[in-house]
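Structural features, examined
Chain by chain, the residues run as shown.
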Amino acid sequence: GFDCSGLMYYLYQTEAGITLGGSSRSQAYNGWAVSWYDLKPGDLLFFNTSGSGISHVGLYVGNGQMIHASDYIYGVCIDNIYSGNWSRNFVTARRILN
């Protein structure tokens, strides 16, 4: 199984040959910031789900959806970024690929 940052590390390493940091917090320093309103597939989305800064990361796949490693019950899943707490807990998005 994966945790959220492990999944992003794996996807970027195997699909693009890019090595990211090992935690969601460290991954937020890669690439450049992009607006919530200018997301493109491949952008990393960072969230504050713990109340103490960046604690979760997902990969935007388009059409308001992201893939991420949720938890041990749901595992890797696709969620709507506009539903639930995602938009409320959004911190930043980063673009690694052009």
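Provided above is the structure to which this section pertains.
The residue numbers shown here count from 1 along each chain, following its written sequence. Totals for whole chains, interfaces and linings use every residue, but because this is a predicted model, local features are given only for residues with pLDDT of at least 70 and side-chain atom pairs only at 80 or more, for both listing and counting. Think of the side-chain values as coming from all heavy atoms in the structure, minus any hydrogens and water.

Some thoughts on the overall build of the chain
- Across its full length, the chain carries 3 helices and 6 strands.
- Across the chain, helices and strands are ordered from the amino to the carboxyl terminus as α-α-β-β-β-β-β-α-β.
- Every radius of gyration here is taken over C-alpha atoms, with the globule rule written as 2.2 Å times N^0.38, N being the number of residues. Taken against the 2.2 N^0.38 rule, which gives 13 Å for 98 residues, the C-alpha radius of gyration of the chain at 12 Å falls within 12% of a compact globule.
- With 98 residues in all, the chain has 38% of them scored as buried.
- For the chain, the accessible surface area stands at approximately 5,500 Å², while carbon and sulfur atoms represent 50% of it. Helix and strand assignments come from DSSP, with helices taken as H or I runs of at least 4 residues and strands as E runs of at least 2, each series counted from the N terminus. Relative accessible area decides the class of each residue, using a 1.4 Å probe on protein chains only: under 20% of the type maximum gives buried, over 50% gives exposed, and in between gives partly exposed. Residue exposure ignores everything except the shown protein chains as possible cover, and the areas themselves are Shrake-Rupley values with a 1.4 Å probe.

Examining unusual backbone geometry
- Residue asparagine 63 is not a glycine yet carries a positive backbone phi of 50°.
- Position of asparagine 63 among the secondary structure elements: in the loop between strand 3 (56-62) and strand 4 (65-69).
- For asparagine 63, a relative accessible area of 76% corresponds to the exposed category.

Topic: the side chain of serine 5
- On the secondary structure map, serine 5 appears in helix 1 (residues 4-16).
- Assessed through its relative accessible area of 5%, serine 5 is described here as buried.
- Polar contacts here mean pairs of N or O atoms no more than 3.5 Å apart (in protein, one a potential hydrogen donor and the other a potential acceptor; neighbouring residues in sequence count only if both atoms are side-chain atoms). Within the structure, the side chain of serine 5 is placed 3.0 Å from the backbone oxygen of glycine 22, a separation counted as a polar contact.
- The contact criterion used is simple: two residues touch if any of their non-hydrogen atoms lie within 4.5 Å. Discounting residues that sit within four places of it in the chain, serine 5 has contacts with Gly22, Ser23, Ser24, Gln27 and Val57.

Observations regarding the packing of aromatic side chains
- Between the rings of Phe, Tyr and Trp (Trp by its six-membered ring), a pair exists once the centres lie within 6.5 Å; its type follows the angle of the planes, with under 30 degrees stacked, over 60 edge-to-face, and the other angles tilted. Enumeration over the complete set of coordinates arrives at 5 aromatic pairs.
- When the centroid spacing of 4.5 Å and the interplanar angle of 55° are considered together, the rings of tryptophan 36 and phenylalanine 90 count as tilted. Linking tryptophan 36 in the loop between strand 1 (32-34) and strand 2 (44-47) with phenylalanine 90 in strand 6 (residues 90-95), this pair joins segments that are 54 residues apart in sequence.
- Members of the aromatic cluster, each reached through a chain of ring pairs, are Trp36, Phe47, Tyr82, Trp86 and Phe90.

Regarding the nonpolar core
- Within this scheme, the nonpolar core is defined by two criteria: the residues are buried Ala, Val, Leu, Ile, Met, Phe, Trp, Tyr or Cys, and they are joined through side-chain atoms within 4.5 Å. With 13 residues, the main nonpolar core has Met8, Tyr12, Leu20, Leu44, Phe46 and Val57 as its most contacted residues.
- The greatest single-element share of this core, amounting to 4 residues, is contributed by helix 1.
- If sequence neighbours within four positions are ignored, tyrosine 12 has contacts with Gly17, Ile18, Leu20, Gly42, Leu44, Leu59, Ile96 and Leu97.
- Residues Trp36, Tyr60, Met66 and Ala93 belong to the second largest nonpolar core, which totals 10 residues.

Things to note about the environment of isoleucine 18
- Among the secondary structure elements, isoleucine 18 is positioned in the loop between helix 1 and helix 2 (24-27).
- Isoleucine 18 gets classed as partly exposed once you look at its relative accessible area, which sits at 23%.
- Once residues lying within four places of it in the same chain are set aside, the contact partners of isoleucine 18 are Tyr12, Gln13, Ile96 and Leu97.

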